[in-house]
Amino acid sequence: MTAKPSTKKVLGWIISFLAPYKKKVFFAGIALFLGSATWLALGQGIRLFIDSGFLSGESDTLSHLVGLMLAIVMVGCIATFFRAYLVTWLGERVSADIRLAVFNRLLSLSPHYFQEQRTGEIISRFTADATLLQTVVGMSLSMALRSSVTAFGGIIMMLFTSFKLAALALIAVPLVLAPIAIFGKKVKTLARDSQDKVADVGAHLDETLHEIHTVQSYTHEYQDRMLFGQRIASVMNAAESRIFYRSLLITVVMAFSLAAVTLVSWYGALQVVQNNISAGELTAFLFYAVMVASAVATLSAVIGDILRAVGASERMMELQFANDNLIKSQPANELSDNPNSTIEISNLCFSYPNDALSPVLQDINLTIKPGERVALVGPSGAGKSTLFQLLLRFYLPNSGYVSINSQDISQCSNESVRKQFAIVPQESVIFATSVFENVRYGRTDATLDEVKKACIAARADEFISSLSDGYETQLGERGTRLSGGQKQRIAIARAILSNRPILLLDEATSALDAVSESKVQQALDNLMQGRTSIIIAHRLATVRNVDRILLIENGTISASGSHDYLVANNETYRKLAELQLLT
Ligand SMILES: Nc1ncnc2c1ncn2[C@@H]1O[C@H](COP(=O)(O)OP(=O)(O)OP(=O)(O)O)[C@@H](O)[C@H]1O
């Protein structure tokens, strides 16, 4: 995560999202000013009503004044409608745009970023923080703007109505502003803390529900309930302090402003008795004073919300400006498409950024010809998966290079590099949608016919046809209704459909029964047909018929050759083979 952005930066960031809607912002501003202006004009109407109509007993003037005041009220109401509509619309729009911008950014971050974050926490930022922002931009901000304009205009009108009374009332202003400044900062910090705690709850919930099977199998419910209870308690604690300061802020502001209004009323009444000002002037003045006091009270209430939103925006902003070195180094060059590319890895050394002192891959040199099948074998933690990560440009090497078709992939865009690879991961990924959409994930413009052909080649069509809705069957979250072998065949069909020149296969270690295994093997053979394939092999039985086996140990290629050659000439490989009863 980056350092916390300042309030000024956060407001600048939010305003940048309003920029595309200048017209709406402009009309909302006009409506806001017009609305406030009409309510202020009403005070003058009241003064005339009392002095020229009521006290002088002229019924004609009274009727005219009532008509005029009704007209003012109508204009005020129409302006209020437009202000409410436009500002709420802008609030919804801005928070939707912020969600889109942050989501776009998240999609482009490397897996390294996500290893260091909790998904539940990111989801919470999306839901809780963006929703808070939406309410605030859509409601509190409009109330704050309206109250500021009303308070400012009200003070001017107070000065205009009775300079002496206004000057007296203005003594209260610093008393009212001081608590806003003092408590406001505290409310903002506590609000951020509160949102952090809510995100913690989100992260815990996400993890527990995703792993519910393990939670229940290990009868871990009691511990989870306790842990969750603690997290909820800290949300409540953080909220309690925030609520306390917010309430205190509202009370202090209200007390000062109402006390000021009362004292000024008393002084004003004395002025009327002494005939220094008229009754109409005093009434208008008090109308403005109450208006200013309630505007300031509203302001003090919503300022807490606005500061909360600044806290929430900080958290969204951190996501949008998350540090990712790989993105900074994304070049615009495209890797040219070529179905017969040679892969060359030269003097490659690599360590993970969070563990820069432990080299994971060291001095790897390797050339893979088009259509060749290469298996990577070796002990756990040797660096096989890491090599896949580098081929897919999820990380850049510390030194050396990977080239495809004689182009260094570190000089090419992520998209153009990744388009060369079809991946079948160790754990098949199934999305909560239909079989058809799951396979079509490999190539989103494929027709049903093409999807079916891929499924037939992957030996998946046979079980798909027996599902209740065939290709339209919904597979549920993580494909819980399929067996391990069936999931693998769906993943293989997806890779076949994608028809990319290089296949990266991380062979599943899960034990399949003999029938299922032979079907998966046939599916894999079909998939590898005519493609350059690199296979991480956990079971040596499956790599007997590859072109070349590379033995990876401690991040280097320690031996290479056929199975028989390695059994005869390499001690480590022989032991691996013996363990699997293959000698
Ligand atoms: N994201 C990471 N950050 C830091 N170190 C990592 C990361 N991923 C893997 N490693 C380390 O890199 C080394 C190689 O891991 P890698 O996953 O490439 O091994 P592997 O040969 O694929 O193992 P396995 O056969 O068990 O999957 C290990 O020591 C591992 O702890």
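Further up the page is the structure itself.
Here's a quick rundown of the structure. Bear in mind that the values here come from a model prediction, so they are computed numbers and not experimental data.

**Digging into the nonpolar core**
Side chains of a nonpolar character, in soluble globular proteins, are inclined to be buried together.
Phase 1: In terms of nonpolar packing, the biggest core is built from 46 residues, with Ile-492 and Tyr-573 touching the most fellow members.
Phase 2: Broken down by element, the residue count for this core peaks at 7 residues, all from helix H17 (residues 484–498).
Phase 3: Excluding anything up to four places from it in sequence, Tyr-573 contacts Val-377, Leu-540, Val-543, Ile-549, Leu-551, His-563, Leu-566 and Val-567.
Phase 4: Membership of the second largest hydrophobic core comes to 35 residues, among which are Val-10, Phe-17, Ala-28 and Ile-122.

**Structural notes on the site of the ligand**
Phase 1: Gln-115, Ser-380, Gly-381, Ser-385 and Thr-386 are the nearest of the 13 residues found near the ligand.
Phase 2: Here a nitrogen atom of the ligand sits 3.5 Å away from a polar atom, N or O, in the side chain of Tyr-352.
Phase 3: For the ligand, an oxygen atom lies 2.7 Å from a polar atom in the side chain of Ser-380.
Phase 4: Among the elements that make up the shell around the ligand, the one with the highest residue count is helix H12 (residues 384–391) (3 residues).
Phase 5: Partitioned by chemical class, the residues of the shell around the ligand number 4 nonpolar, 8 polar and 1 charged.

**A short note on the pairing of strand S10 (residues 556–561)**
Phase 1: The pairing of strand S9 (residues 548–553) with S10 spans 5 bridges and is antiparallel. Looking at the pairing, Ile-552 lines up with Ile-557 of S10.
Phase 2: Remark: 2 residues form the turn of the hairpin made by S9 and S10, two consecutive strands paired antiparallel; Asn-554 in that turn has positive phi of roughly 45°.

**Here we look at the environment of Val-402**
Phase 1: Relative to the helices and strands, Val-402 is located in strand S4 (residues 399–404).
Phase 2: Considering only alpha carbons, one finds Val-402 and Tyr-352, 50 residues apart in sequence, at a separation of 17 Å.
Phase 3: In contact with Val-402, other than residues within four places in its own chain, are Glu-344, Ile-345, Leu-348, Leu-391, Gln-407, Asp-408 and Ile-409.

**Some remarks on the side chain of Thr-532**
Phase 1: In this structure, Thr-532 sits in strand S8 (residues 532–536).
Phase 2: We classify Thr-532 as buried; its relative accessible area is 2%.
Phase 3: Beyond its immediate chain neighbours, meaning those up to four positions away, Thr-532 contacts Ser-341, Ile-343, Ile-368, Lys-369, Pro-370, Gly-371, Glu-372, Pro-501, Ile-502 and Leu-503.

**Examining unusual backbone geometry**
Phase 1: A positive phi is found at Arg-393, a non-glycine position, where the angle reads about 60°.
Phase 2: Along the chain, Arg-393 turns up in the loop between H12 and S4.
Phase 3: Note on Arg-393: relative accessible area 0%, which makes it buried.
Phase 4: A positive phi is found at Asn-554, a non-glycine position, where the angle reads about 45°.
Phase 5: Tracing the chain through its elements places Asn-554 in the loop between S9 and S10.

Reading the values: the criteria
Residues numbered from 1 in each chain as written. Predicted model: local features only at pLDDT ≥ 70, side-chain atom pairs only at ≥ 80, totals over all residues. Heavy atoms only, no water. Core = buried A, V, L, I, M, F, W, Y, C linked by side-chain atoms within 4.5 Å. Buried < 20%, exposed > 50% of the residue type's maximum accessible area, 1.4 Å probe, protein only. Helix = DSSP H or I, 4+ residues; strand = E, 2+ residues; numbered from the N terminus. Contact = heavy atoms within 4.5 Å. Near = heavy atom within 4 Å. Polar contact = N/O pair within 3.5 Å; in protein donor to acceptor, adjacent residues only side chain to side chain. Nonpolar A, V, L, I, M, F, W, Y, C, P; charged D, E, K, R; others polar. Pairing = 2+ DSSP bridges.

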